[in-house]
Each structure stands twice: as C-alpha cells, then as structure tokens.
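Structural features, examined
The lines below spell out each chain.
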Amino acid sequence: MFILRSAKRLAKKSGVTLAEITISVLIIGILAASAAPIYANSLLKYRVDVAAQRIAQDISQTQRVARQNNSTRTISFTSSDHSYAISSISSLDRVSAPYRVGLNQAPYRVDISLLATAAQPATPLTSVAIVFDRFGMPDQGIAVTISAGAFQKRVDVAPTSGRVSVQ
Amino acid sequence: MKSNQRRSGVTMLELMVTLPTATILVGAMALCITIMMRAKSQDDNLFRSTYDLSVAASQIASDLESAVSHVSSSATHIEFVVPDRNGDGLPEQMRYEWGGATGGNANKILWKYNQDPLAVLFDDVGSFNLLKATASAPASVSNHLLSETAVLKSINAFPDCVFREQVINASNPIGQYFIPDVPGSGIKWDLGSLRIMVRAADANADGILCIRVMRSDTTTKLPIAPILAEVKVAEARLGTSYQWLDIPISPISWQSQGVPLCITLGYGGGTGDVALVQTVENGTGMPANANLVTSIDGGTTWTASNVTRGLRFYAYGFYDGYTGQRAFLSSVDLKLGSSRTTTQKLETSVRLPASPEIP
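About the criteria used
- Residues numbered from 1 in each chain as written.
- Chains lettered and ligands numbered in written order.
- Predicted model: local features only at pLDDT ≥ 70, side-chain atom pairs only at ≥ 80, totals over all residues.
- Heavy atoms only, no water.
- Helix = DSSP H or I, 4+ residues; strand = E, 2+ residues; numbered from the N terminus.
- Buried < 20%, exposed > 50% of the residue type's maximum accessible area, 1.4 Å probe, protein only.
- Contact = heavy atoms within 4.5 Å.
- Areas by Shrake-Rupley, 256 points an atom, 1.4 Å probe, with all protein chains shown as cover.
- Pairing = 2+ DSSP bridges.
- Axes fitted to C-alpha atoms, helices over the stretch in contact; angles between N-to-C directions.
- Phe/Tyr/Trp six-rings, centres within 6.5 Å; stacked < 30°, edge-to-face > 60°.
- Expected span 1.5 Å × (residues − 1).
- Bend = angle between axes of the 7 residues up to and from the residue.
- Patch = residues over 30% accessible without salt bridge, like charges linked within 9 Å, V, L, I, M, F, W, Y side chains within 5 Å.
- Salt bridge = Lys/Arg side-chain N within 4 Å of Asp/Glu carboxyl O.

Another point: the overall build of chain B. Helix and strand counts for chain B come out as four helices and 22 strands. Within chain B, buried positions represent 41% of all 359 residues. Pairs at least 24 residues apart make up 71% of the contacts formed inside chain B by residues separated by at least 6 positions. Just so you have it, chain B exposes about 18000 Å², and 56% of that area is on carbon and sulfur atoms.

Attention now moves to the sheet that holds strand β2 (residues 77-82) of chain B. Residue and element names in this part refer to chain B. Ordered in space as β1-β2-β3-β4-β5, the five strands form an open sheet in which the pairing is antiparallel. For this open sheet the edge positions go to β1 (69-74) and β5 (119-122), each flanked by a neighbour on one side alone. In this sheet, neighbouring strand axes are inclined to one another by 25° on average, regardless of whether the strands run parallel or antiparallel. Bridge analysis of β1 against β2 gives five bridges, and the strand direction is antiparallel. Each bridged residue has a counterpart across the sheet, and for S72 the counterpart in β2 is E79.

So, about the sheet that holds strand β2 (residues 83-90) of chain A. Residues and elements named next belong to chain A. Read from one edge of the open sheet, four strands run β3-β2-β1-β5, paired in antiparallel fashion. Strands at the two margins of the open sheet, each flanked by one partner only, are β3 (98-102) and β5 (127-132). On average, adjacent strands in this sheet sit at an angle of 15° to one another, irrespective of strand direction.

A few words now on the packing of aromatic side chains. Residues and elements named next belong to chain B. Counting across every chain of the model gives seven aromatic pairs over all chains. Each ring, one from Y96 and one from W111, has its centre 6.3 Å from the other, and the planes form 40°; the classification is tilted. Here Y96, found in strand β3 (residues 92-98), pairs with W111, found in strand β4 (residues 109-113); they are 15 residues apart in sequence, far enough to count as distant. Take W111: its relative accessible area is 5%, and that puts it in the buried class. Seen from their ring centres, Y314 and Y316 are 5.8 Å apart, and the 5° between their planes marks the pair as stacked. A single burial state applies to Y314 and to Y316, both of which are buried.

Spanning 52 residues, helix α2 (residues 18-69) of chain A covers 72 Å between terminal C-alpha atoms, matching the ideal 76 Å at 1.5 Å per step. Helix geometry: α2 of chain A is bent most strongly at A35 of chain A, by close to 30°, with proline P37 of chain A lying one to four residues after it.

Residue and element names in this part refer to chain B. A cluster of nonpolar residues, V10, M12, L15, M16 and L19, forms a patch on the protein surface that exposes about 540 Å² of accessible area. Tracing the backbone shows V10 in the loop between α1 (2-6) and α2 (12-40). Taking relative accessible area as the criterion, V10 reaches 59% and is therefore assigned exposed.

Structure (structure tokens):
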C-alpha cells in the first residue's frame, strides 16, 4: 500500500515540461540576441570616448609640464603601432620607462585611423608630433582620429594656443 | 492527502533563496553600470570643472608674470606685452578676455596672440574678475629719470597690416616724420634712442647706414635742416635677417609739445645697397601725425606718403615738466568661477616683477 502510494506521488509530481523550457530559453535567447549588439556597440563607443579623453589629457599634460619645467616637451603619435609617446616624462607605472601609451592595447583597444596636421587636415601622415616650447606654445596644430568599429572621435590641438578639443 | 499530492509551484523556502539571490545579482550589475557611467562622464563632475579653472588661472598667471608692458585692462580682460618668445627679436602681445555670461562666447576665456584672431582657450568659466593693484611714482623722484623709457612714438605690428621691404642705397633714402606723443599739455620732450627693424642688404655687407634726426616742416612733413643728430652704422653690424636695432641718440635738447621731427635712413658710405628696412602698411590703429617720406634722388627732394604707411620703428625719449603721477601695475588678482556652480571660485594673485606702466 505504501509502495503504491509512493509510486502514485512520483508519477503525479509536477515540474516544468520540455515545451515550457523551450519557450523560456527561446525568449531569453531572443532578448539576449537583440541586446548583445547594443551592448557591444556601447562598449566600443565607451572605449573610443575614454581613449579620446586620455589623449586630450595627455596632450594638455605635456603642455603644462613644458611650461612648468621651462623646457620643450614633445608628444609624438605613430599610426602604424597606434601609440603615442611623450619625451622626458616617465611612465605612470615605472619611473625608468618612457611615457608611452599603446592605444590598441587594453583597456582602450582602439586604432589611430587618421593622423594629420591642422594645416593639412586631409593629408594622412604615418607619424605626427607636437613640440611645446617652454611657454607651452605648440609648433603646430594636429588632428588625431581614433576609431573602434563604427565609432570614431577626433582630438584637435589648435595651433598657437594648443587648446585641446574632442569632437 | 490528495491536496498534498497535487501541490505544485515553488515553496516559501525556494522563494526566500531565489529572491535575495536575484536582488544581489541585479544590484551588483546596476552598481557596475553606475560606476562605469560615472567614470565616463567626467565632464559633468565638479572635479573636472575645478581642475580646468586652476589650469586657466595658472596659465594666465604664468604669462602675466613675464609682462613687460601693459596695453589695456578691465575687470574682464587684460592685454599686455611679453618679451620675445619665438626668436624673431620682437616682443609678443597677448590678450586674455572673458566672453561674458551671455552671447556667442558666453563662459569662455578667449586668447589673442599678436595678430592672430581671438580664439577660445577655456570653456566653462562662469565668472571672471580681474583686479589691478597699482603703485604710483612718488612726486619727489625726478620725472626725467622716471620717463627715460617713455615711448614718444611707435609704429609696429597692427591688426591687418602688411610689412613691406624698403631698400636703402645712395639714391633711395627713407624717412619718418612724426610728432611725439606726450602725456599732457606743456610737457617738453627729448629724444633718447631709436629702434628700427633692419637687416643687411646683401652678403658682402660693405655699406654704411646713416641715421639722421632732422627738423621737419609741419605742413609738408618733409625733413629740413639742421641735422640734430647723426649716427652711422656699418652694414656688417646688421643681422642677415630682420631684427630690431637700438640706436642711442645724444640728447637734442628739450623740445616743445607738437614739434615735429624727421628721422632719415640713408647712404653713409661703401658700395651698393646699405640696408633693408621694414615699413608697415594699412594697419588698423596706425598712429596719427606719422608719415613715411621717401626720395629717389639721394635726399635732394623728398615726398611724403599718406598716413597709412610708416617706418617700423620706436622712438624713446624723456619728458620734462610732467607733474602727473604715473601708475605702475604691481600685481593682478584674478578670480575665476565655474559655470557649473555659483559657489566655486578660484582666486589667484600674480605679482608683476617688471611693474609695467599703465598709460
């Protein structure tokens, strides 16, 4: 009698059916699929934004250090390895290493898609440098365009004043 | 018993476990997103704003510290001259100006460098207040000594002006007619030195440039006898590129207000061209009572040009009988405010070691 009752209970035990699981997994899948590109794009946009801010900050920093130390400082961008370096400023991690930022490495992972001078913004260059004199005045204006996926930002340095703007 | 057998759904225990778990997970995710957004939107936080203000203040301060001459200033702008920065031998003139609280340049600090147009230098500066501290010259100090470096007349870079080159040789001298500017009536003046923009005419540099200070006719504006002072400069002493040449002039005696002079630059010996000088044309703000005079026959006859042309020069001298107190800019207090908050103010005080005179 007891065995029979247990068997009955087992047989009647309710749970989720295969159909229910299929439907819910399908819904979750659709939701995730629709959200994934948005998420991926927002990550790309975020990376480009942050990289542009970093570049703008570093250019301003170069200008300030030149003025404070009363000597020239150069910030040079290279498009082949998507990096830039600042002369006579040491790395944030190691004092003995030069200040160099690889934009195609973590956490930015963006490319320098166009390097140009402000005088000739349509002519792509493989490398471009600004020399800030001891008064913090740049020798020329430049435009650095960085991109990740479909997103891009341009960092402009105005000639004479060295004002940095991100567009 | 039957109802027990048919029971389905979740138990209270299961609910109590899953709900807090889900809450913790969702909460953690929300926190991550919030932190990410905060880190990204640095522009919107106050820290960035304060930082920008301090950068603006320190830049203005560092430029002001080297000011050697004061052009103009108000509560919202200052224009001054600093020594040569780009190696052309010329001092640089710069202007910092606040764009006001409304309008196209609202909340911006604008910057002008020499003849470049005004350009935006800093954004988000909600208020700007510039206070000048001046020192006056005591009356007991000799005015003659005090005004030793007074500019009697100058023609230099003006907005929209064009520089032209003028060759000086035996047949083509050049001259500059001018009436010195004195700060009030009844003040006498005397010439102390001249500064002209000049270079050697050619590589062999074997000529001699003759600089004369002559009387001038008020009506025709042409040089007339006598020669009040004469200085000869070897062409070899001049640079191969344009630079300012300071020429000391022995005092020519006190002159009354409104008396005109003519400086002539001509051939003083040697062969060929003796020098190249620069003239200024069509600038906005060219001074009155200053005309270029030219000759094509070695200075026998002269022609005065119209007022839109002049020699690029400075005439320095002394004043006599000047009783007014002269003010010198000793320090500037700058108060900058953020446009994001009315409470945030950044104050800085700059001492001007050169104490430029306020005209």
